[in-house]
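# Observations on chain architecture
Given next are the chains, with one letter for each unit.
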Amino acid sequence: MVLQSGDDRKVAVIGLDSVPPEYMFSKLLSKLPNIKRMYERGLHGTLVSCDPPITVPAWMVMMTGKNPGKLGIYGFRHRKGHSYKDGYIVNSMHVKEETVWQALARKGKRSIVLGVPPGYPPRSVQNCNIVSCFITPSMDKVFTYPAELKSEILASSNGEYIFDVTFRTENRDAIKKELFEMTEKRFDVAEYLAKNKPWDFFIMHEIGFDRLHHAFWKFFDPTHPKYVAGNQYEHLDEEYYEMVDQRIGKLVDSFGEDCITFVVSDHGSKGMRGAFCVNQWLQKEGYLSFKTPPSGIVDIEKADIDWAKTKAWGWGGYYARIFFNVKGREPNGIIDPKDLPREEKMLEEKFNSIRDDKGKKMNNLVFEPDKLYGTALGDKPDLMVYFGDLDWRSAGTVGHDSLYLFENDTGPDDSVHSMNGIFLMYDPKRNLGGKELHNLNIEDIAPTLLEMYGANVPNDGIDGKVLEEVINA
Ligand SMILES: [Zn+2]
């Protein structure tokens, strides 16, 4: 529906990182009374993520309606220009496109923005109360806009606010404890802000689901190869989802009858099959050479690469970023720029023929950023590769005995990201019958919200579409 001027109605978005429809709308739905009520009376669907389906850039794709190429953001960490070793972590200042709350601020609308990544440092936006996100380095920093909001945040969460948990460790009891504490505090702050600050638009982000999935997936998913029946964390998914369900119920009640609530996630999660050692494979295929062979397992940035004999190397993560060593572009480039398209094609074919540890062809996907996005700005890779439909991570480290690892190379982690996130819309004043919507994409959320507020959807290359079924509901 479209909010009329003079209307008291408003919209709140509850962003739950990494929640797959298979869990929230299926496996656990019967245990989640608040979500179930919203699901049965509202509209829901699968929200398809962006490529790559990673937290940064996904929330900014959702909140700008622009794809990662237009944002120039391809993951958390970026290579600095064409340097071999220098990189940087993406922060809020790298986002140049207008977010929903910035567009609404121009119309005099007031927003609350809690933890939407990348949200550090907190940007100053008129009419907004902003709290930064899980990339915030420490509580000592200024993490709110306006700056004086910080003391209120600390007071509303018992003097301590938790941005993130340390999750790639074996101390699972510690992760569990911190995870619940962090999320409870986030919802304390959300309730405080919703009740005490004026707003027309509210958005919050909770990273806890993502950490729960990465740290505990093998314990609660019976289809995971490492699942052991009867283990002590077997029902932790249920426990955590139930806690959040209660907090969502309370929060949505506090929004009042005039608020339409969206519950969304930026991508889904699934069990990790393994990690594929992309750089060792490139070495085997003759693309990458070392002056001194790696002794032990080392990061690719720390390996002694013989650049005069290296055509390409890659980065690890949920997907592989591949860089070619191009003459005149990289410091010691060897590929003639005119040969680059041919080299890319050849390597693409090789990636497509990779087989898994059982000898079965992996279902790999290879993208060239310019073709994938139309426009690919910023520090983009030459190729992007998904191994086995993202069931396999990309391991960037070298010095392993095999091309296939069954543990993540950067610390304990048993889940990977999937393309399917969730979309739920609930209006306490109307029963919309629990209808399922189809063809929902993450970049559609921003234009749909703007349309609801009667703000003009910008005609500046926005990739998302207005979801007419939401508007006309
Ligand atoms: Zn995420």
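Residues numbered from 1 in each chain as written. Predicted model: local features only at pLDDT ≥ 70, side-chain atom pairs only at ≥ 80, totals over all residues. Heavy atoms only, no water.

## Let's talk about the nonpolar core
Ranked by internal contacts, the top residues of the largest apolar core, which has 64 residues, are Met-24 and Phe-255. Leave out the neighbours within four places in its chain, and Met-24 touches Leu-16, Val-19, Leu-29, Leu-32, Ile-35, Phe-209, Tyr-241 and Ile-422. Core analysis: the second largest hydrophobic core is formed by 49 residues, Ala-58, Val-95, Val-125 and Val-466 among them. (Core = buried A, V, L, I, M, F, W, Y, C linked by side-chain atoms within 4.5 Å. Buried < 20%, exposed > 50% of the residue type's maximum accessible area, 1.4 Å probe, protein only. Contact = heavy atoms within 4.5 Å.)

## Here's the deal with the sheet that holds strand β14 (residues 365-367)
Spatial ordering of the open sheet is given by β12-β13-β15-β14, a layout of four strands whose pairing is antiparallel. On the outer flanks of this sheet lie β12 (312-315) and β14, each paired with one strand and no other. Put simply, the sheet's adjacent strands are angled 25 degrees from each other on average, direction ignored. Looking at chain direction, β12 and strand β13 (residues 320-324) are connected through four bridges and run antiparallel. Each residue of the ladder has a partner; that of Ala-312, found in β13, is Phe-324. (Pairing = 2+ DSSP bridges. Helix = DSSP H or I, 4+ residues; strand = E, 2+ residues; numbered from the N terminus. Axes fitted to C-alpha atoms, helices over the stretch in contact; angles between N-to-C directions.)

## Side note on the coordination of the zinc ion
The protein atoms that coordinate the zinc ion are Asp-17 (OD), Asp-17 (OD), Thr-55 (OG1), Asp-266 (OD) and His-267 (NE2), at distances spanning 2.0 to 2.8 Å. Along the chain, the residues donating to the zinc ion fall in the pattern D-x37-T-x210-D-H. Placement of the pair is Thr-55 in helix α3 (residues 55-64) and Asp-266 in the loop between β9 (259-264) and β10 (268-271), with a sequence separation of 211 residues. Across this residue pair, the class does not change: Thr-55 and Asp-266 are buried. (Donors = N, O, S within 2.8 Å, 3.2 Å for Na, K, Ca; no water.)

## What to know about the domain arrangement of the chain
When cut into domains, the chain gives domain 1 (10-272 + 417-471) and domain 2 (274-412). The interface is formed by 32 residues belonging to domain 1 together with 38 residues belonging to domain 2. Here domain 1 meets domain 2 over a buried area of about 3,200 Å², counting both sides, of which 53% is carbon and sulfur. Three residues stand out in domain 1 for area buried against domain 2, namely Tyr-74, Tyr-84 and Met-272, and they jointly supply 28% of the buried area on that side. Along the contact surface separating domain 1 from domain 2 lie five salt bridges. In this structure, Glu-301 and Arg-77 form a salt bridge, with 3.3 Å as the shortest nitrogen-oxygen distance. Connecting domain 1 to domain 2 are 19 residue pairs in polar contact (both at pLDDT 80 or more). Every element with two or more residues in the side of domain 1 that touches domain 2 is listed here: α4 (68-71), β3 (77-79) and β10. When grouped by side-chain class, the residues that make up the side of domain 1 that touches domain 2 number 10 nonpolar, 11 polar and 11 charged. (Domains from an automatic or database assignment. Buried area = accessible area lost by both parts, 1.4 Å probe. Salt bridge = Lys/Arg side-chain N within 4 Å of Asp/Glu carboxyl O. Polar contact = N/O pair within 3.5 Å; in protein donor to acceptor, adjacent residues only side chain to side chain. Nonpolar A, V, L, I, M, F, W, Y, C, P; charged D, E, K, R; others polar.)

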